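# Chain and residue survey
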Amino acid sequence: MKRRRVVVTGLGVISPVGNDLSAFWDNLIRGKSGVRSIDKFDASQLSTRIAAQVLDFTPENYINRKDARRMDRSVQFACGAARMALEDANLTITDEIAERAGVWIGSGIGGLETMEDQHQNLLNKGPGSVSPFLIPMMISNMAAGQVSIMTGAQGPNGCTVTACATGTNSIGEAFRFIQRDDADIMITGGTEASVTPLGMAGFCAMKAMSTRNDDPAGASRPFDRERDGFVMGEGSGILVLEELEHALNRNARIYGELLGYGATADAYHIVQPEPSGDGAARALALALSDAGKRPEDIDYINAHGTSTEINDAMETMAIKRVWGDYASEVAVSSTKGVTGHMLGAAGAVEFMAAILACYHNLIPPTANYMIPDPACDLDYVPNQARPKLVRAAVSDSLGFGGHNAALVVSKYLG
């Protein structure tokens, strides 16, 4: 069966550097960090006391107050970003199209804030104080469920949970639904709200995060020799994918065409990536093959680039394995120097950056890249955005558990 073409027609984002698309993109290309000292709770006993928090987010701007009170913060983010994405796409899910419109939104951790709050109620006041909404607020599929309820989309509905690869896998799976004619529209992406006492304490215990508490804006420094760990972020990135003819028939603006998706497993370790980069390389190669693209057709890679010692070196090796002699010619950047690591939302937000790089012919920089690392020797677009014709771009993500995923997007050329 001939595969149907899939395009991106709407983008919505709630992020540490802006709660609308314009602010998000402006801060990305300026390399302006959203990392700051944590002010949501007392973090004084934590080894890492900084995070990329979402600021000035008012759920009632997107959701009625009663519904918002029955949602975890991660779900509120997803609903806000989804509403923005549909408005950006100039699309309303009517009764006529509802059964052909789906929702696939993942979260790496789910309703952690809700779980923490209700656990305190249990300990302090007993079982009778636990909210009847605990379970539906906490479970990871509820972002997709609530966006479906909010929009009326009745097609394929679900979530992917693959840790930090969640957003990328979610978009890839939504892409497949449209390709194989199970839907004409998919509202898809990722969401996360894990800047909480337990979330921060867990990652601190793993010694995975930067402890550069006296320099929040400079703490996340992907591929830099002095990197010392990732910085937790939060937020949501939601996209509207459409079958090409459906988009053309309603004269939709097209940001780009989604061409390829690849997903693999390391089968190696619960948190460490396979050191040679084999799993990540296979995901990248599969995405290129699925897209019908050669490495030299790609002008930009939005890398996972977490600012951790092992990940950044391994990802550099993976790119070299796939791009070969051309690896030094392709522009590579990580936007986590600006947004921090948004966990389950990261892949979606970073794929949006890759799409916008194609759309605007402008590559966002790797912020805070100061000291080259011999183990990371590619062109990381340091500190300043780069005007460049971007015909096609790749975005890849790697998740705890050995999950690897990659997407290929290109300019829409008719």
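Preceding block: the structure.
Residues numbered from 1 in each chain as written. Predicted model: local features only at pLDDT ≥ 70, side-chain atom pairs only at ≥ 80, totals over all residues. Heavy atoms only, no water.

Moving on to unusual backbone geometry. A positive phi angle, near 60 degrees, is found at K207, a position not held by glycine. Looking at where K207 falls in the secondary structure, it is placed in the loop between α8 (197-206) and β7 (235-243). According to the relative accessible area criterion, K207 is exposed, its value standing at 74%. Its identity as a non-glycine residue notwithstanding, S307 has a phi of 80 degrees, on the positive side. (Helix = DSSP H or I, 4+ residues; strand = E, 2+ residues; numbered from the N terminus. Buried < 20%, exposed > 50% of the residue type's maximum accessible area, 1.4 Å probe, protein only.)

Next up on the list: the pairing of strand β13 (residues 392-399). Regular strands place their side chains on alternate faces of the sheet. With respect to burial, β13 is a largely interior element, eight of its eight residues being buried. Burial along β13 is two-sided: A392, V394, D396 and L398 and A393, S395, S397 and G399, pointing in opposite directions, are all buried. Sheet analysis places strand β9 (residues 300-302) next to β13, joined by three bridges and oriented parallel. Bridge assignment links I301 to a residue of β13, and that residue is V394. (Pairing = 2+ DSSP bridges.)

Turning our eyes to something else, we now look at the packing of aromatic side chains. Inspection of the entire model under this criterion finds eight aromatic pairs. Aromatic pair F57 and Y62: ring centres 5.7 Å apart, planes at 15 degrees, arrangement stacked. Centroid distance F203 to F230: 5.3 Å. Interplanar angle 85 degrees. Geometry classified as edge-to-face. Placement of F203 in helix α8 and of F230 in the loop between α8 and β7 is noted, with a sequence separation of 27 residues between them. For the pair formed by F203 and F230, the shared burial category is buried. Taken together, F57, Y62 and F77 form an aromatic cluster joined through their ring pairs. Taking NZ or CZ as reference, R180 lies 4.8 Å from the ring centre of F177, over its face. (Phe/Tyr/Trp six-rings, centres within 6.5 Å; stacked < 30°, edge-to-face > 60°. Lys NZ or Arg CZ within 6 Å of the ring centre and 35° of its normal.)

Space left empty within the atom packing is revealed by a probe, the size of a water molecule, rolled over the atoms. Considering only enclosed or pocket space, the largest pocket measures out at about 540 Å³ in volume. Lining the largest pocket are 26 residues, and of these V271, P273, T308, N311 and F400 sit closest to its centre. Counting only elements with at least two residues in the lining of the largest pocket, the list comes to α11 (309-323), β13 and β14 (403-410). No other element matches α11, which puts three residues into the lining of the largest pocket. Within the lining of the largest pocket, the residues separate by chemical class into 10 nonpolar, 11 polar and five charged. The residues that make up the lining of the largest pocket include at least three from each of domain 1 (6-249) and domain 2 (260-409). (1 Å grid on protein atoms, 1.4 Å probe; cavity = no way out; pocket = protein on both sides within 12 Å on 5 of 7 lines; lining within 4 Å. Points joined across faces, edges and corners; volume = space filled by probe spheres on them. Nonpolar A, V, L, I, M, F, W, Y, C, P; charged D, E, K, R; others polar. Domains from an automatic or database assignment.)

This paragraph deals with the pattern of salt bridges. Following the criterion strictly, the structure yields 28 salt bridges and no others. Residue R30 is joined to D26 by a salt bridge in which the shortest nitrogen-to-oxygen separation is 3.2 Å. Of this pair, R30 and D26 both sit in helix α1 (residues 21-30), four residues apart, which is roughly one turn of the helix. Across the salt bridge formed by R221 and D224, the nearest N and O atoms sit 3.8 Å from each other. On the accessibility criterion, R221 (11% relative accessible area) is buried. When its relative accessible area of 0% is taken as the criterion, D224 is described as buried. Bridged by salt links that share partners, the residues R4, R100, D181 and D184 form one connected network. (Salt bridge = Lys/Arg side-chain N within 4 Å of Asp/Glu carboxyl O.)

This next bit is on the side chain of N213. One can find N213 in the loop between α8 and β7. Accessibility expressed as a relative area gives 15% for N213, which makes it buried. If near-sequence neighbours (up to four positions away) are discounted, N213 is found in contact with S47, T48, R49 and I50. (Contact = heavy atoms within 4.5 Å.)

Judged by nonpolar contacts, the single largest core of 47 residues is most densely connected at L11, L239 and L241. For this core, the secondary structure elements donating two or more residues are β1 (6-14), α1, α7 (166-179), β7, β8 (256-265), α13 (346-360), β11 (362-363) and β14. Per element, the largest residue contribution to this core is 11 residues, and it comes from α13. Three or more residues apiece are contributed to this core by two domains, here domain 1 (6-249) and domain 2 (260-409). The residues touching L241, leaving out its near neighbours within four places in the chain, are V6, V7, V8, I171, A174, F175, I178, D184, I185, M186, T188 and L258. (Core = buried A, V, L, I, M, F, W, Y, C linked by side-chain atoms within 4.5 Å.)

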